[in-house]
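These are the residues of each chain, in order.
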Amino acid sequence: MNAIFLALFGLTVMFLGFFFYSRFIADKIYQLDPDFETPAHTMQDGVDYVPTNKFVLWGHHFTSVAGAAPIVGPAIAVIWGWLPALLWVAFGTVFFAGVHDMGAVWASVRNKAKSMGALSGDVVGKRARSLFMIVIFLVLLMVNAVFGVVIANLLINNPGSVVPVWGAIVVAMVIGQAIYRFKWNLPLVSLVGVVVLYMLIWTGPQVPIALPETTFGLSASATWILLLFAYAAVASLLPVWVLLQPRDYINGLQLFVGLGLLYIAVFVAGPTVVAPMINPDVPAGTPSLFPLLFVTIACGAISGFHGIVASGTTSKQLNREPDARLVGYGGALGEGTLALAAIIAASAGFATYGEWKEVYSSFGGGGLKAFVDGGGAILHAGTGISPEVSATMLTVMAALFAGTTMDTGLRLQRYIFQEWGEIYNLGWMKKAAPATFLSVGSCLALAFGAGGASGSGGLLIWPLFGTTNQLMAGLTLLVIAVMLVRRKTNAIFVIAPMAFILVIGLLALAIQIYTFFSQSKWFLCGLAIVVLVAGVLVTLECAAVLRKEKQAAAATG
Amino acid sequence: MSKLGNIKDWVLRANTALNTYYNAPYRAAIARARRDEDDLFMLLVFSEMMGIPNPASWYTLELQPLLLERFHDWHVRMGMEKSPFDHISCC
């Protein structure tokens, strides 16, 4: 089986979905109205509410949501074989993520561009809003912890990437000064910046940096995690033009370069898929495909995090309501193509089935390492770039991705603590520095509590992160469903996905609690129980609210 | 249009597109920071009315009519329906 067929299948399904299914949902279900005056116009203030060109908005939305999750999830999920992962990514993007992302933008735009949290309070009720706040806090906690561990693992597995990854930050800061302070020409500065970055990637393998076994009693993994959180804390407090803006810019540039090169390499080299279609021989201790597949791959199939971004900034800049189709559904498609590339890299990038089996010798074994090594091999075969440089390029791409998500997540978490300081009248918590300290502290606690410091069990928390992420998506879908029912529109296309992910999520949580319990991982077990309680409450709320709305609609019908 | 003109036109548009791509993600954050600074300046101009002695009040007096609209936007943004000061009747 040639990887080109996987690519063609995935891309075809997703684009057919865009051309037919998204048009159906946009026209018949959400009924996007070109004459509706969006908040970008009615509340225009030149700052947050500014009508923006739909292609620019799509790019912005896509790069905001794209992180390391659509790479890590699929790369882990290939342990069950490439077919289940491929089907879930392709059809999940079309029927779940696209509907959810487009719906989140639409729901927010129809309600003065409020954020999903505020919206759940307005549309559904106070209980939904409280649940939403709890779930979003848990998601942010996990996202930051997991990505800290992910990047630390990347740096340890590929010491040649240490120089380019940290060097990219220096390059970004220099670009920031050049553009904002010295006002140099952007294309020129970009060119120099990209060249310097790729030179660092080229020479990185020749100057590998590996931390010593223990530093002040901490393992190499623990030291990297601490350094990364220290960096993220500083990055979230600096003015955006100094580091975040240029760093996101380079990130975007090399996302397009890296993704483009990877797909070109796949079509040129036509690598053979060595991974099994459905793995007949899963390693001992691997949970069963159902339901864990559906929470291992969240981003790339359905992710609640996108709803936060969609209702946070995207909805405030939507020029016309029909643009939600390109921006929302199209953004989900972008994630899907990233996930597809990860599946191909992790299943076709190895020389033999034996080699693949060795990497996927335990659950969580593949992950980013498989993406980097496998993708590196494909890049080498298709473009001739040496395997070390290819692997370094993909490592830098993944690390920068995860880094961006990490400090966005940290910044959002700081806002939550500051909001709590406001609500509960704790003056000290309202300030940026203590709130940042609390955010970093709680995420570090989770990272170390989940075994990230030992370097071995860090990704145990991944399915838990996927589940919580999808709980949030479930709540968003509830808001959308309620709005549809109130307008007497057929909401089945939203309610069915919502029911599916809630049921799967609860099942997956039950299994994970049992697994953590039997492995005596009390911290994780406790956390999973908290998420389960939240999940049960979310499900009950969804059922109760929908039943009430249906009755109300029938009464006035 | 001449070939050179076409190329120049394309380069100019590419330049604009790249600049948009650089600025778009953080345009709102930077605009917000700028608005906060402008708000601070506006409040300094009206500081005499709030009872805060202003050594430059003679000069800030001149600016008051220019900043009246800004003051109205500010108090609406802060959640106050009417102007909080008696001497400033913007609405």
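Look up: the structure comes first, before these words.
Residues numbered from 1 in each chain as written. Chains lettered and ligands numbered in written order. Predicted model: local features only at pLDDT ≥ 70, side-chain atom pairs only at ≥ 80, totals over all residues.

### Quick word on the overall build of chain A
Defined as follows: The secondary structure listing takes helices from DSSP runs of H or I that are at least 4 residues long and strands from runs of E that are at least 2 residues long, numbered from the N terminus. Our exposure labels follow a C-beta count within 10 Å of each residue's own C-beta, placed from the backbone: buried means 20 or more other C-beta atoms, exposed means 12 or fewer, and partly exposed covers the counts in between. Two residues qualify as being in contact provided that their C-beta atoms, derived from the backbone, are within 7 Å of each other.
On a plain count of helices and strands, chain A comes out with 21 helices and 2 strands. With the C-alpha coordinates of chain A rotated into their principal frame, the extents come out at 70 × 60 × 45 Å. Within chain A, the proportion of its 557 residues that are buried is 56%. Taking as baseline every contact in chain A between residues at least 6 positions apart, the subset at least 24 positions apart corresponds to 84%.

### Considering the environment of Leu 6 of chain A
All names here are of chain A. Structurally, the position occupied by Leu 6 is in helix α1 (residues 3-29). Overall, Leu 6 belongs to the buried group, with 22 C-beta atoms counted inside 10 Å. Between the C-alpha atom of Leu 6 and that of Asn 279, which follows or precedes it by 273 residues, the distance is 17 Å.

### Digging into unusual backbone geometry
Residues and elements named next belong to chain A. The peptide bond linking Phe 290 to Pro 291 adopts the cis configuration, its omega dihedral lying at 5°. For Pro 291, the location among the structural elements is in helix α12 (residues 289-296). Its identity is not glycine, yet Gln 31 carries a phi of approximately 50°, on the positive side. Within the secondary structure, Gln 31 sits in the loop between α1 and α2 (39-42). You can call Gln 31 partly exposed: it has 14 C-beta atoms within 10 Å. Phi angles above zero are rare outside glycine, and Lys 488 is one such case at about 60°. With respect to the helices and strands, Lys 488 occurs in the loop between α19 (462-486) and α20 (492-518). Since 11 C-beta atoms lie within 10 Å of it, Lys 488 is described here as exposed.

### Quick notes on the interface of chain A and chain B
This is how the line gets drawn: Lys, Arg, Asp and Glu make up the charged group, whereas Ala, Val, Leu, Ile, Met, Phe, Trp, Tyr, Cys and Pro make up the nonpolar group; the residues left over, Gly among them, are polar.
Across the contact, 17 residues belong to chain A and 15 residues belong to chain B. Of all the secondary structure elements, the ones that give two or more residues to the side of chain A that touches chain B are α3 (54-65), α9 (186-203) and α11 (244-269) of chain A. The element best represented in the side of chain A that touches chain B is α11 of chain A, accounting for 4 residues. In terms of residue class, the side of chain A that touches chain B is built from 9 nonpolar, 6 polar and 2 charged.

### A closer look at helix α1 (residues 3-45) of chain B
As a reminder, the rule being used: By this rule, a helix spans an expected 1.5 Å times one less than how many residues it contains. Bend is computed residue by residue as the angle between axes fitted to the seven residues ending at the residue and the seven residues starting at it.
Across its 43 residues, α1 of chain B extends only 55 Å between first and last C-alpha, which sits more than 12% below the 63 Å expected from 1.5 Å per residue. When the local axis directions of α1 of chain B are compared, the greatest deviation, roughly 60°, occurs at Tyr 26 of chain B. Buried within α1 of chain B are the following residues: Tyr 22, Pro 25, Tyr 26, Arg 27, Met 42 and Val 45 of chain B. Residues of α1 of chain B that are buried make contact with α3, α8 (162-181), α9 and α11 of chain A together with α2 (57-77) of chain B.

### Digging into the nonpolar core
Put simply, the rule is: One nonpolar core equals one set of buried Ala, Val, Leu, Ile, Met, Phe, Trp, Tyr and Cys residues connected by C-beta atoms within 7 Å.
If you look at the biggest cluster of nonpolar residues, it comprises 199 residues, and the most contacted ones within it are Met 142, Ile 343, Phe 371, Ala 398, Ile 461 and Val 479 of chain A. For this core, the element with the highest residue contribution is helix α7 (residues 126-157) of chain A, accounting for 20 residues. Ranked by size, the runner-up nonpolar core spans 5 residues in total, among them Val 45, Phe 46, Phe 71 and Trp 74 of chain B.

### Quick notes on the packing of α9 of chain A against α1 of chain B
Two quantities define a packed helix pair, namely the angle between the axes and the distance from one axis to the other. This is how the line gets drawn: To get an axis, fit a line to the C-alpha atoms, keeping to the stretch in contact for a helix; angles then go from 0 to 180 degrees between the N-to-C directions. For classification purposes, an angle smaller than 35 degrees is called roughly parallel, one larger than 145 roughly antiparallel, one from 65 to 115 roughly perpendicular, and anything else oblique.
Orientation of α9 of chain A relative to α1 of chain B, taken along the N-to-C sense of each, is 65°, at an axis distance of 9 Å. Between α9 of chain A and α1 of chain B, the angle falls in the class roughly perpendicular. Together, Leu 186, Pro 187 and Ser 190 of chain A of α9 of chain A and Asn 15, Leu 18, Asn 19 and Tyr 22 of chain B of α1 of chain B make up the contact between the two elements. Partitioned by chemical class, the residues of the contact of α9 of chain A with α1 of chain B number 4 nonpolar, 3 polar and no charged.

### Here we look at the environment of Gly 409 of chain A
All names here are of chain A. Position of Gly 409 relative to the elements: it lies in helix α17 (residues 387-423). For Gly 409 and Val 139, which are 270 residues apart along the polypeptide, the C-alpha to C-alpha distance reads 9.1 Å. Other than its neighbours up to four places away in sequence, Gly 409 contacts Leu 140, Val 143 and Asn 144.

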